Amino acid sequence: MILQSRFRLNVALLFTVLIASALVAQSEEQSKQKWSAPAAEAQKKNPVAASESSLAAGRKIYLKTCAMCHGKTGDADGPAVIELNIHPAKLSDPRLANESDGSLFWKITTGKKPMPAYGKRLSETDRWNLVNYIRTFAKR
């Protein structure tokens with residue numbers, strides 16, 4: 001009787017470990033998948049010209065809300081990276097030029113864990129200014 005109980009307990013523990021491992025693997029796989037904006041969002045055009053005032057406004061917003069994770073120069077080396085054990089996008093990567101303004105705007109707006117959504121935290125104009133400022137990183 002005791003042997004049967006131990007056997008059942010061991011089987012239950014093994015089953016739990018297998019399920020947990022599968023869930024972790026699935027979560028890791030999902031986090032590796034490319035984060036793409038819906039086509040209609042990606043096609044949106046930036047209504048804010050990349051003027052000096054837009055870039056200055058975008059820089060101010062970036063330093064206040066983004067630099068903690070993405071780093072001051074977009075190199076994904078902000079002080080929160082180690083503390084929170086996260087891997088933010090490297091905004092200085094030249095491949096960012098392949099992302100449309102609409103796509104970047106959508107990502108800023110909707111977020112994706114661990115990045116928060118800024119759709120309700122920043123105005124639409126602020127988010128477009130941020131897109132303009134982020135574009136300057138790949139040019140450095």
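Below you will find a few notes about this structure. (Residues numbered from 1 in each chain as written. Predicted model: local features only at pLDDT ≥ 70, side-chain atom pairs only at ≥ 80, totals over all residues. Heavy atoms only, no water.)

Topic: the overall build of the chain
Part 1: Assigned secondary structure in the chain consists of seven helices and zero strands.
Part 2: Each helix and strand of the chain, placed in order from N terminus to C terminus, yields the pattern α-α-α-α-α-α-α.
Part 3: By residue count, 31% of the 140 residues in the chain fall in the buried class.
Part 4: For the chain, the accessible area works out to roughly 10000 Å², and carbon and sulfur atoms hold 60% of it. (Helix = DSSP H or I, 4+ residues; strand = E, 2+ residues; numbered from the N terminus. Buried < 20%, exposed > 50% of the residue type's maximum accessible area, 1.4 Å probe, protein only. Areas by Shrake-Rupley, 256 points an atom, 1.4 Å probe, with all protein chains shown as cover.)

Observations regarding helix α6 (residues 101-110)
Part 1: The buried count for α6 comes to seven of 10 residues, which makes it a mostly enclosed element.
Part 2: Taken as a whole, α6 has its buried residues at Gly102, Ser103, Leu104, Phe105, Trp106, Lys107 and Ile108.
Part 3: Structurally, α6 contributes buried residues whose contacts are with α2 (39-42) and α7 (124-138).
Part 4: Just downstream of α6 lies Gly111, where phi reads positive at about 65°. (Contact = heavy atoms within 4.5 Å.)

A word on the nonpolar core
Part 1: Counting 18 residues, the largest nonpolar core has Tyr62, Leu91, Ile108, Leu130, Val131, Ile134 and Phe137 as its most contacted members.
Part 2: Residue assignment for this core shows that the elements contributing at least two residues are α3 (52-65), α6 and α7.
Part 3: Of all the elements, α7 adds the most residues to this core, at six residues. (Core = buried A, V, L, I, M, F, W, Y, C linked by side-chain atoms within 4.5 Å.)

Here we look at the pattern of salt bridges
Part 1: Under the defined criterion, the tally for this structure stands at five salt bridges.
Part 2: When the shortest N-O distance is used, the salt bridge between Asp93 and Arg95 registers 2.7 Å.
Part 3: Residue Arg135 is joined to Asp101 by a salt bridge in which the shortest nitrogen-to-oxygen separation is 2.8 Å. Taken together, the residues Arg135 in helix α7 and Asp101 in helix α6 connect sequence positions 34 residues apart.
Part 4: According to the relative accessible area criterion, Asp101 is partly exposed, its value standing at 23%. (Salt bridge = Lys/Arg side-chain N within 4 Å of Asp/Glu carboxyl O.)

Details of α3
Part 1: The first and last C-alpha atoms of α3 sit 20 Å apart over 14 residues, in line with the 20 Å expected at 1.5 Å per residue.
Part 2: Here α3 has its buried residues at Ser54, Gly58, Ile61 and Tyr62. Along the long axis of α3, the arc covered by the buried residues comes to 100°, so they all point the same way. Exposed and facing more than 90 degrees away from the buried side of α3 are Glu52, Ser53, Lys60 and Lys64.
Part 3: Tucked inside the fold, the buried residues of α3 contact α4 (67-70) and α7. (Expected span 1.5 Å × (residues − 1). Arc of directions from axis to C-beta.)

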